[in-house]
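Structural overview
So the chains spell out like this:
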Amino acid sequence: MAQASSDTAVRTGSATRFIIYTVLIVFCLYYLLPLYVMVVNSLKPLDEIRGGGMLSLPEVWTLAPWGSAWSTAQIGVEATGLKPYFLNSIIMVVPAVAISTLLGALNGYVLTKWRFRGDTIVFGLMLFGCFIPFQMVLIPMARMLGLMGLAGTVPGLIFVHLVYGIGFSTLYFRNYYAQFPTELVRAAMIDGAGFFRIFQRIMLPSSGPIAVVCIIWQFTNIWNDFLFGASFSDFSSQPMTVALNNLVQSSTGVKEYNVHFAGAIMAALPTLLVYVVAGRFFVRGLMAGSVKG
Amino acid sequence: MAQPASVGRRSGDWLRDALPKLVLSPSLAIVLIFVYGFIFFTFYLSFTDSRILPSYGLVGFENYDKLFRLRAWGIAVDNLIIFGGLYIVICCALGLALAILLDQKIRSEGFIRTIYLYPMALSFIVTGTAWKWFLDPGIGLEAVVHSWGWESFTFDWIKNRDMAIYTIVIAAVWQTSGFVMAMFLAGLRGIDNEVLKAAQIDGASNWALYRRIVIPQLRPAFMSAFVVLAHMAIKSYDLVIALTNGGPGRATELPATFMYSYTFTRNQMGIGAASAVIMLMTIAAIIVPYLWSELREKK
């Protein structure tokens, strides 16, 4: 591994390489530490944690904290475990992701292949909406959801996530479709294909990668959202993040750290799974949201 | 913007011409109402005597005046400066260092990258929970070191008013530095190797190569990292709630938590709205020039 490869200018000796690998591995451990802490402690009885054994492997392995976090732990006033809130999050995420991705695809298509005077301004307006501090919309949105009869409901949360998800979906599809050859679209028009036919037959079949990027991004963001969930849900419609926070912050009774860790992993698992399976697309989405180029 | 539709519109068919705009219009309407309309509404509320509920009696700049006299707001702003400054600097330094190390033809680079970046996929509530108990002196790191026999070891920052804000930095850096690393790595991969080879033939050391040639070329990556990190710092809310809930006392209050508590639990909606306006203006001052230049370059 010490040989300098032909296509890189920076050469490093074997001693240096040893140091580089050591540093990189140390940082791997650093990034893995909290995950390790969560997993290990979710599998041990409470007294092992209290005795200063947070970093040790369990002496007695147990799945009891997982069972408790899922179905019996006290969340707020009810001892329901996290299960109903996990379901809330799923019911919330699926439609919000699907609709915002579809709208983003249509918007991106219009903004690149059916350009009109002022389209860059329209896009700029949508894009800026991605970056505003959402504190700025909390008060009017609470009023609006009340007027719409959606206050404290899962459909209300779907609506909120949909509204503020459009900006990023549009960004992804616009930048992707901008690379797509306009000649193909023009040729299809000459053949008499209309707006939706071109979208369906020409644009959509080649949109796979960006759709995956967009879906993963929206899924991760909406699943992980806390601010909207905390502001616009009531006890029955709380998403997973809010319920987890209630579980951990609850001041009554014994602090069951092992149950908290099990709950935290449950809240992390869906996005973590997506990341493990399709990390490449997740990173592309992150990068497209920052270094658009 | 000057040239019309990139696809010809020879047909005089009205519907055909209007259809694309019709398709775009619901999204545009949503954005205009729920982003810009709402911004305007909150902006307006910041000049009213709203308390528990919105109220429309104008009071001029009274809310802003009160806001800047409030000790809690002063603490929140000071904390944001400490937190934001350290967060941006440490993330950039660590991200750049790791990116440079990973760029040395590392075996299983993809695997290492995956590990560095996974925290970005997690909710701040999840990471907040993990760090909260890990940093807790009663059961976390301090207790662990005690159990190893080093009884005098103390690490109680999370319970300490003067140090608690740094625990937010620790957790936030952990979460995002891998992402910053990925941004710099992408920048490094875009640098022309021929220039480097030429410099090396001229006898430049590795250190000089990076300092003189590579790092200056990473300016765009630094810009992006700064904009992303600054706007994340200003919006930081979840992590503080999960890690310290603003405490101990008000030691980790940030503008985002201030806005929420004044608006929804202290029934000072006018002041809450004013603080949201300040947050928006700060973010706009960073984001607007950035978006402007990005959209311009595209032309």
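Residues numbered from 1 in each chain as written. Chains lettered and ligands numbered in written order. Predicted model: local features only at pLDDT ≥ 70, side-chain atom pairs only at ≥ 80, totals over all residues. Heavy atoms only, no water.

1. Here's the deal with the overall build of chain A
A tally of helices and strands in chain A yields 13 helices and zero strands. Mapped from its N terminus to its C terminus, chain A presents α and β elements in the order α-α-α-α-α-α-α-α-α-α-α-α-α. The C-alpha radius of gyration of chain A comes to 24 Å, more than 25% above the 19 Å expected for a compact globule of 293 residues. For the C-alpha atoms alone, the extent of chain A along its principal axes is close to 75 × 70 × 30 Å. For chain A, buried positions account for 57% of its 293 residues. Intrachain contacts of chain A at a sequence separation of at least 6 include 68% that bridge at least 24 residues. With the model as given, the accessible surface of chain A reaches about 11800 Å², and the carbon-plus-sulfur share is 68%. With 17 positive and 11 negative side-chain charges, chain A shows a separation of 14 Å between the mean positions of the two kinds. (Helix = DSSP H or I, 4+ residues; strand = E, 2+ residues; numbered from the N terminus. Rg over C-alpha atoms; globule rule 2.2 N^0.38 Å. Buried < 20%, exposed > 50% of the residue type's maximum accessible area, 1.4 Å probe, protein only. Contact = heavy atoms within 4.5 Å. Areas by Shrake-Rupley, 256 points an atom, 1.4 Å probe, with all protein chains shown as cover. Lys, Arg positive; Asp, Glu negative; His and termini not counted. Charge placed at Lys NZ, Arg CZ, Asp CG, Glu CD.)

2. Describing the overall build of chain B
Across its full length, chain B holds 13 helices and zero strands. Mapped in sequence order, the helices and strands of chain B form the string α-α-α-α-α-α-α-α-α-α-α-α-α. For chain B, the C-alpha atoms occupy an extent of roughly 70 × 60 × 30 Å along the three principal directions. Looking at the 299 residues of chain B, the share that counts as buried comes to 55%. Put simply, of all contacts in chain B between residues at least 6 apart along the chain, 67% involve residues at least 24 apart. Looking at chain B as shown, the accessible area adds up to about 13300 Å², and 64% of this sits on carbon and sulfur atoms. Measuring between centres, the 25 positive side-chain charges of chain B sit 6 Å from its 20 negative side-chain charges.

3. What about the packing of helix α4 (residues 83–113) of chain A against helix α9 (residues 195–203) of chain A?
Residues and elements named next belong to chain A. Where α4 contacts α9, the two axes come as close as 12 Å, and the packing angle between them is 105°. For the element pair α4 / α9, the angle class is roughly perpendicular. Taken together, the residues of α9 that come into contact with α4 (itself represented by Ala105, Leu106, Tyr109, Val110 and Lys113) are Phe195, Phe196, Ile198, Phe199 and Met203. (Axes fitted to C-alpha atoms, helices over the stretch in contact; angles between N-to-C directions. Parallel < 35°, antiparallel > 145°, perpendicular 65-115°, else oblique.)

4. Quick notes on the UniProt feature "transmembrane region" (unreviewed entry) in chain A
Residue and element names in this part refer to chain A. With numbering aligned to this structure, UniProt lists the feature "transmembrane region" (unreviewed entry) at residues 18–39, 85–109, 121–142, 154–177, 198–219 and 261–283. As annotated, residues 154–177 comprises 100% helix and 0% strand, and the C-alpha atoms at either end are separated by 33 Å. With 82% helix and 0% strand, residues 198–219 has end C-alpha atoms that lie 28 Å from one another. (UniProt positions renumbered as here; feature names shortened; annotations may be inferred.)

5. Some details on a nonpolar patch on the surface
Residue and element names in this part refer to chain A. A cluster of nonpolar side chains, namely Tyr36, Leu57 and Trp61, defines an oily patch on the protein surface of about 350 Å² accessible area. The residue Tyr36 is located in helix α1 (residues 14–41) in this model. When its relative accessible area of 32% is taken as the criterion, Tyr36 is described as partly exposed. (Patch = residues over 30% accessible without salt bridge, like charges linked within 9 Å, V, L, I, M, F, W, Y side chains within 5 Å. Salt bridge = Lys/Arg side-chain N within 4 Å of Asp/Glu carboxyl O.)

6. Here we look at helix α5 (residues 119–131) of chain A
All names here are of chain A. For α5, built from 13 residues, the straight-helix expectation of 18 Å at 1.5 Å per residue is met to within 8% by its first-to-last C-alpha distance of 19 Å. Judged by how many residues are buried, α5 sits mostly within the fold: 11 of 13 residues are covered. Taken together, the buried positions of α5 are Asp119, Thr120, Val122, Phe123, Gly124, Met126, Leu127, Phe128, Gly129, Cys130 and Phe131. (Expected span 1.5 Å × (residues − 1).)

7. Things to note about the domain arrangement of chain A
Residues and elements named next belong to chain A. With domains assigned, chain A is organised as domain 1 (14–69) and domain 2 (83–290). In this complex, domain 1 contributes 16 residues to the contact, which on the side of domain 2 involves 13 residues. Across the domain 1 to domain 2 interface the summed buried area is about 1200 Å²; carbon plus sulfur atoms make up 83%. In this assembly, domain 1 and domain 2 are joined by zero salt bridges. In this assembly, domain 1 and domain 2 are joined by one residue pair in polar contact (both at pLDDT 80 or more). Considering every element that reaches the side of domain 1 that touches domain 2, the biggest residue donor is α1, with five residues. (Domains from an automatic or database assignment. Buried area = accessible area lost by both parts, 1.4 Å probe. Polar contact = N/O pair within 3.5 Å; in protein donor to acceptor, adjacent residues only side chain to side chain.)

8. Regarding the nonpolar core
The biggest cluster of nonpolar side chains holds 206 residues, and the ones touching the most others in it are Met54, Met141 and Tyr164 of chain A together with Phe83, Tyr87, Tyr116 and Leu188 of chain B. The element that contributes the greatest number of residues to this core is helix α13 (residues 257–290) of chain A, accounting for 16 residues. Residue-level mapping places this core at the junction of two domains, with at least three residues from each of domain 1 (14–69) and domain 2 (83–290) of chain A. Beyond its immediate stretch of four places on either side in the chain, Phe83 of chain B contacts Ile165, Ile168, Val169, Ala172, Ala233, Ser236 and Leu254 of chain B. (Core = buried A, V, L, I, M, F, W, Y, C linked by side-chain atoms within 4.5 Å.)

9. Quick look at the packing of aromatic side chains
Applying the stated criterion to the full structure yields 45 aromatic pairs over all chains. Plain terms: the ring middles of Tyr172 of chain A and Trp217 of chain A are 6.1 Å apart, the flat faces sit at 80° to each other, and that makes the pair edge-to-face. Here Tyr172 of chain A, found in helix α7 (residues 154–177), pairs with Trp217 of chain A, found in helix α10 (residues 208–224); they are 45 residues apart in sequence, far enough to count as distant. Take Tyr172 of chain A and Trp217 of chain A: they sit in the same class, and that class is buried. Aromatic pair Trp131 of chain B and Trp174 of chain B: ring centres 5.9 Å apart, planes at 70°, arrangement edge-to-face. Placement of Trp131 of chain B in helix α5 (residues 124–135) and of Trp174 of chain B in helix α7 (residues 164–189) is noted, with a sequence separation of 43 residues between them. This pair shows no difference in class: Trp131 of chain B is buried, exactly as Trp174 of chain B is. We note Arg174 of chain A situated over the ring of Phe123 of chain A; from NZ or CZ to the ring centre the distance is 4.0 Å. Positioned above the aromatic ring of Phe281 of chain A is the side chain of Arg280 of chain A, whose terminal nitrogen or guanidinium carbon lies 4.8 Å from the ring centre. (Phe/Tyr/Trp six-rings, centres within 6.5 Å; stacked < 30°, edge-to-face > 60°. Lys NZ or Arg CZ within 6 Å of the ring centre and 35° of its normal.)

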